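# Coordinate analysis (summary)
Now for the letters of each chain:
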Amino acid sequence: MKYIQFDTESKYIKDFISLSKKLYKKDNTENPKEIRQILTNKHPLNNYFKLAKFLIYDNEKTVARFVITTYQNDDIAYIGFFESIDNEEVAAYLFKIAREYAKNNNYKKIVGPVDASFWIKYRLKINMFDKIPYTAEPYNKEYYYKMFLNNNYKVIEHYTSNIYQNVQQEFEHEKFETRYNNFIKNGYKIESPNMDEFDSIIRQMYYLLTDLYSDFPIYKNLSEDDFVSTFSSYKMIINPQMVKFAYYEDKMVGFFIGIPNYNNRVYHLNLINILKILKTRKKPKEYVMLYIGADKEHKGLGSSLTYSIINELRGKELPCIGALARDGKVTQDYVKELIKDRYEYVLMEDDLSD
């Protein structure tokens, strides 16, 4: 076995991308175009971080890969883009290389999986591998969790995605309804976006979302323009009625962003998948609730935004997934009487002082 640390050489980039294609079939959630952009320093967020890229070969065959991401003025290294065949010897070799690199460069910890940035992908899926991944789900092979645990990593954060049953026409939530009505009576507006103004709305959302998410592990701030560039692609896949923004005195104070569940088609754009995406956007069978947040000065607004979405779902009688809530956040148990099951995810750490 040997490893190669590479830069932008085309052979190694090809081997890097090809490995995930070999490991995954219908459940492949990697976007080859985006990965290539990141590896060749052409992604909009590349200027925020530095990448050390590694491939592992056994008899000239690609058996594993990973990237160590580092940030200026941060003593933590981040391991991501992790893929490996199901072999503990290969995994041990990979984690040994990662540890040596981080120690030699004076980093105190390795945290992961983090694919370069909070804004790209992070977290490790640890249960319910029998389902096709939903849109925006952090997805990986089932045996990766054991690999991390066997190589000195410990869980530092836990997240869940709630699987909600269909919202029936007769469903009522008195508490949320009362809050919603009180906010409306007190001059708040909760409304879906005008898509012609979407980029402008995203700029307003920037200040609120960055404030609300700034205490999350691994969070790194973006400039307003880079934030808009990152989120503008959502314009093509959202249904406006499942996106809500809350305003008070003409200032955005809350948001709720849901998208149809396209599964992994959005990562593999070809003519057939584009047609399927357009069909799904027009007539979704399920929604994924990606982001919810409200200004801390407006207590109870999050549940009011949720009620506005419940009303939309009630009219459609569709199920949804409440995606990636961090343990301890109140949103994790919103409308718990409709929760059928929960996906689980973790963020892990290797303390290099051990």
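Please refer to the structure higher up on the page.
The structure reproduced in this document is the subject of the present report. All residue numbers here refer to positions counted from 1 along the written sequence of the relevant chain. Local features in this predicted model are restricted to residues of pLDDT 70 or higher, and side-chain atom pairs are both shown and tallied only at a pLDDT of 80 or more, whereas totals for entire chains, interfaces and linings draw on every residue. The side-chain quantities take in all heavy atoms of the structure and omit both hydrogens and water.

Roughly 300 Å³ of volume is contained in the second largest pocket. Definitions used for this entry: grid spacing 1 Å over protein atoms alone; cavity, a set of points where a 1.4 Å probe fits but cannot get out; pocket, an open set with protein on both sides within 12 Å along at least 5 of 7 lines; lining residue, one with an atom within 4 Å of a point. Lining the second largest pocket are N261, N263, R265, K276, K279, T280, K283, P284, K285 and E286. Of the residues assigned to the lining of the second largest pocket, the class counts are one nonpolar, three polar and six charged. Grid points are joined across faces, edges and corners, and a volume is the space filled by probe spheres set on the points. Any residue that is not Ala, Val, Leu, Ile, Met, Phe, Trp, Tyr, Cys, Pro, Asp, Glu, Lys or Arg is counted as polar, Gly included; the first ten are nonpolar and the last four charged.

Criterion for a salt bridge: a side-chain nitrogen of Lys or Arg within 4 Å of a carboxyl oxygen of Asp or Glu. Scanning the model with the defined rule gives 19 salt bridges in all. With its nearest N and O atoms 3.6 Å apart, the salt bridge here joins K53 to D7. Placement of the pair is K53 in strand β2 (residues 50-58) and D7 in the loop between β1 (2-6) and α1 (10-23), with a sequence separation of 46 residues. Whether a residue is buried, partly exposed or exposed follows from its accessible area with a 1.4 Å probe, protein chains only, as a fraction of its type maximum: under 20%, in between, or over 50%, in that order. Taking relative accessible area as the criterion, K53 reaches 2% and is therefore assigned buried. Note that K96 is salt-bridged to E100, the shortest N-O span being 3.0 Å. Of the two residues, K96 and E100 are both situated in helix α3 (residues 88-104); the distance of four residues between them amounts to about one turn of the helix. On the basis of relative accessible area, E100 is assigned to the partly exposed category, the value being 38%. Through salt bridges that share partners, R203, E224 and D225 make up one connected network. Note on conventions: DSSP H or I runs of at least 4 residues are helices, E runs of at least 2 residues are strands, and numbering of each starts at the N terminus.

Turning our eyes to something else, we now look at the nonpolar core. Residues grouped as a nonpolar core are buried Ala, Val, Leu, Ile, Met, Phe, Trp, Tyr and Cys residues, joined through side-chain atoms within 4.5 Å. Grouped together as the largest cluster of nonpolar side chains are 66 residues, with contacts concentrated most on W119, Y234, F255 and Y291. Here the element with the most residues in this core is helix α6 (residues 198-213); it accounts for nine residues. Note on contacts: a residue pair is in contact if any heavy atoms of the two residues lie within 4.5 Å. Apart from the residues within four sequence positions on either side, W119 is in contact with L45, L209, Y219, K220, L222, F227, T230 and F231.

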